[in-house]
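Now for the letters of each chain:
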Amino acid sequence: MAETTLERGPATTNERLPEGWAYTLMDAAGKWLTGGTPSRKVREYFDGGIPWVKSGDLTDGYVERTEETISAAGLANSAAKLLPPGTLSIALYGATIGKLGILDMSAATNQACANCVVNPAVAINKFLFYYLRQQRQAFIEAGQGGAQPNLTNQIVREWPLLLPPLHEQERIIACADDLFAHIKSARAHLFRVPALLKRFRQALLAAACSGRLTEDWRSTNQDEQGARDCLATSLERRKKMWQACEAEKNGRKTGSSKVQRRTKQYDAPFEPDLAMLTDDIPSTWVPATISQLAILDVGFAFPSLEFRNSGIRLLRGENVEPGSLRWLDVKCWPRDQAAEFEHLMVQDGESILAMDRPVVSSGLKLARATAQDVPCVLVQRVMRFKVPFPQVADFLHLRLQTSDFLRHVSGGLTGSDLPHITGTDVAEYTFGLPPLAEQQEIGRRVSALMAIADAIGKRVEVASAKAEQLTQSILAKAFRGELVSTEAELARREGREYEPASVLLERIKKQRDSQTSSKPERKRTRPRTTLVSAKG
């Protein structure tokens, strides 16, 4: 294959062109125009029925509708221009830089878009669309400015264009469309998997916490007394833990006969409310409340003016997200002042719940502290589940993750500006408690099935990333002349002549020069609402 070495261009230096292709600039593809914004102070300039494209309307596809419209008066009194269907638009500014769209209707744009009314004698708009899409990262790197880099219409017009003959452009488009259709279908299937996995996890938790998951296990492991013994042990240890905590608060050692001040009355847990049970529990399980299995601590209102950038981390509601603790915005308390808050130090494995705005789009702001999260201190409006009988901690955390507990919490939210839950709402939540041996079997089965779901989720992430890489690989191959046979190759194979892109460009240039020289110089005017044409 005969090839031509490129002479210039920020994205194409030292590249080689396939035979029959030409190196030119995007300016040669058609007439490039910017848009404009009518004055927002004049209401009559807007809502007039002329689609008005902003960079946010460019979503790498056909632009079929716009967020806003302008009127004929708005068009006439601004730099906006009415562009014909098929116009190729590219976003110039900020986060949307390089985003593309092909107008599916006559429309105007604002100044954040550069628009090419493509000359069909030179290029096909969808070919240019694919070409510019492949160049997006280079556009981003070429952006001028600081945190929000911008392109200019001039940068886009002077961008290198690798141009094949028209018939070859058609074949490239057809092949790319076919391949991208397969990728789109695969992405659609991949997109559905996370939602399916989320439903699977919730169904698994519901089955685990209702007894359905271990129904077969119970048939060969009857334990009529185990759940009662488990609850009794938990209640006994809960009272001892509470007394020890109170003794620490009162400044005396556990077991000491010397009492410094009057002992507080034991804070007894809530008794089960059978009306709260949403499912019939197995006969070997017993009703229990969260407060019977855990002491619920809420943190201290540390004054924000005394926050530090180093010291003991403060566990605030902002640090709790569904499934994990997040330490992006860290506030600390001086280590030399942390001793008096020892009772609020979070321990590895403890469940943590944000009480303010506890429900977000991704679920309940519930997490379990890990070794990497401690030491940290509990802050006001954050709840810690301190489990005196550690063997039930795993099952309790499973229970807290169920959709049933989420519904219970959501139903008890108070406050309109800042929805929050109360300690009572959590403490009185009633559920079925299985024997300890069955809790361990539930944990084993749930862990195994969750591991499978997690593995599937990771494979989906990898596949989704590969789909994006495949898109870029197809585009790169297309513009190396490797996706389809070149027009030169087909012409030789078929024994015919063909017009290289360089000859086409030269012919069009001569036609333009001839038309320009034959026309008398005169000032032309036209209505602002006339569609822009790429010819002439």
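Thresholds applied
Residues numbered from 1 in each chain as written. Predicted model: local features only at pLDDT ≥ 70, side-chain atom pairs only at ≥ 80, totals over all residues. Heavy atoms only, no water. Helix = DSSP H or I, 4+ residues; strand = E, 2+ residues; numbered from the N terminus. Contact = heavy atoms within 4.5 Å. Buried < 20%, exposed > 50% of the residue type's maximum accessible area, 1.4 Å probe, protein only. Pairing = 2+ DSSP bridges. Salt bridge = Lys/Arg side-chain N within 4 Å of Asp/Glu carboxyl O. Core = buried A, V, L, I, M, F, W, Y, C linked by side-chain atoms within 4.5 Å. 1 Å grid on protein atoms, 1.4 Å probe; cavity = no way out; pocket = protein on both sides within 12 Å on 5 of 7 lines; lining within 4 Å. Points joined across faces, edges and corners; volume = space filled by probe spheres on them. Nonpolar A, V, L, I, M, F, W, Y, C, P; charged D, E, K, R; others polar.

Peer 1: Mind showing me how you'd approach the environment of leucine 366 here?
Peer 2: Examined against the element boundaries, leucine 366 turns out to sit in strand β22 (residues 366-368). When the C-alpha positions of leucine 366 and alanine 354 are compared, they lie 6.7 Å apart, and in sequence the two are 12 residues distant. For leucine 366, the residues in contact, after removing those within four places along its chain, are Val320, Glu321, Pro322, Gly323, Ser324, Ile352, Leu353, His397, Leu400 and Gln401.

Peer 1: What exactly am I supposed to notice about the pairing of strand β3 (residues 22-25) here?
Peer 2: Side chains on a regular strand alternate between the two faces of the sheet. Of the two faces of β3, the one lined by Ala22 and Thr24 is fully buried and the one lined by Tyr23 and Leu25 carries no buried residue. Examined bridge by bridge, β3 and strand β12 (residues 160-163) share 4 bridges and lie antiparallel to one another. Across the sheet, the residue bridging to tyrosine 23 is leucine 162, located in β12.

Peer 1: What is the right way to look at the pattern of salt bridges in this model?
Peer 2: Side-chain pairing between opposite charges can occur once the charged atoms of the two side chains come close. Taken as a whole, this structure holds 31 salt bridges when the rule is applied. Arginine 384 is the salt-bridge partner of glutamate 350, the closest N and O atoms lying 2.9 Å from each other. Of the two residues, glutamate 350 sits in the loop between β18 (332-333) and β19 (351-354) while arginine 384 sits in strand β24 (residues 382-386), which places them 34 residues apart along the sequence. Across the pair, arginine 384 and glutamate 350 agree in class, each one buried. The closest approach of N and O atoms between arginine 496 and glutamate 494, which form a salt bridge, is 2.6 Å. Several salt bridges share partner residues, and in doing so they unite Arg40, Lys54, Glu67 and Glu68 into one network.

Peer 1: Teacher, can you tell me more about the nonpolar core here?
Peer 2: Among the nonpolar cores identified, the biggest contains 47 residues, and Met26, Leu88, Leu128 and Leu163 are the most heavily contacted of them. In terms of residues, this core owes the most to one element, helix α2 (residues 125-134), which gives 6 residues. Dropping the residues within four chain positions of it, leucine 88 is found in contact with Gly101, Ile102, Ala114, Asn115, Cys116, Val118, Asn125, Leu128, Phe129 and Leu132. The next biggest cluster of nonpolar side chains, apart from the first, holds 39 residues, and it includes Val387, Val392, Ile421 and Leu433.

Peer 1: Got a minute to help me understand empty space enclosed by the protein in this structure?
Peer 2: Rolled over the atoms, a probe sized like a water molecule indicates the empty space that remains. Summed over all chains, the structure comprises 1 cavity of 30 Å³ or more. Its volume calculated, the largest cavity comes out at about 30 Å³. Lining the largest cavity, in full, are Trp217, Arg218, Asn221, Gln222, Asp223, Thr284, Pro435 and Glu438. Here the lining of the largest cavity is built from residues that sort into 2 nonpolar, 3 polar and 3 charged.

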